[in-house]
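For reference, the chains in residue letters:
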Amino acid sequence: PNPNPSPSPNPNPNPNIQADGGDKRAQDELLRRKWTRAHLGKKSYRERGVSLEDYQAYWDHYVWPSWVTHGESRCPTGAVRLDCLAPAEVNVDKLARAGCLGPAAAPLLN
């Protein structure tokens, strides 16, 4: 038997992957993830031919300042925050323990 019962559902099931604005390594990791990942059926910025240098300028002058102004302050208290430098397994465990993955995640909680 699993010693850890299924967690109750999280009232805010939308996790927030974040990077500390003062942590250069975290910023670089998050920027590269955003540059290389496709989203909502669109090609990634890299696949669309945007250079990393151009994306860095877009990030520095629009994406990050917009997040600080409009996004970060709107994260609900108690929102699950995932460290972009943590291994995927650590973040999955954090989501499962917070109840964001539902009852099917109970076997992950060992």
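Residues numbered from 1 in each chain as written. Predicted model: local features only at pLDDT ≥ 70, side-chain atom pairs only at ≥ 80, totals over all residues. Heavy atoms only, no water.

**Quick word on the packing of helix 1 (residues 24-36) against helix 2 (residues 52-71)**
Okay, so step 1: In contact at an axis separation of 11 Å, helix 1 and helix 2 are set at 110 degrees when each is read in the N-to-C sense. Here helix 1 is positioned roughly perpendicular relative to helix 2, judged by the angle of their axes. Once helix 1 is placed against helix 2, the crossing between them reads as right-handed. Here Gln27, Leu30, Leu31, Arg32, Lys34 and Trp35 of helix 1 lie close against helix 2, whose contacting residues are Leu52, Tyr55, Gln56, Trp59 and Trp64.
Okay, so step 2: Across the contact of helix 1 with helix 2, the residue classes break down as seven nonpolar, two polar and two charged. (Axes fitted to C-alpha atoms, helices over the stretch in contact; angles between N-to-C directions. Helix = DSSP H or I, 4+ residues; strand = E, 2+ residues; numbered from the N terminus. Parallel < 35°, antiparallel > 145°, perpendicular 65-115°, else oblique. Left-handed = near helix turned anticlockwise from the far one by under 90°. Contact = heavy atoms within 4.5 Å. Nonpolar A, V, L, I, M, F, W, Y, C, P; charged D, E, K, R; others polar.)

**Let's talk about helix 1**
In an α-helix, one turn spans 3.6 residues, which is why side chains three or four residues apart end up on the same side.
Okay, so step 1: Over its 13 residues, helix 1 extends 18 Å from the first C-alpha to the last, a length consistent with the 18 Å expected when each residue adds 1.5 Å.
Okay, so step 2: Burial in helix 1 covers these residues: Ala26, Gln27, Leu30, Leu31, Arg33 and Trp35. (Expected span 1.5 Å × (residues − 1). Buried < 20%, exposed > 50% of the residue type's maximum accessible area, 1.4 Å probe, protein only.)

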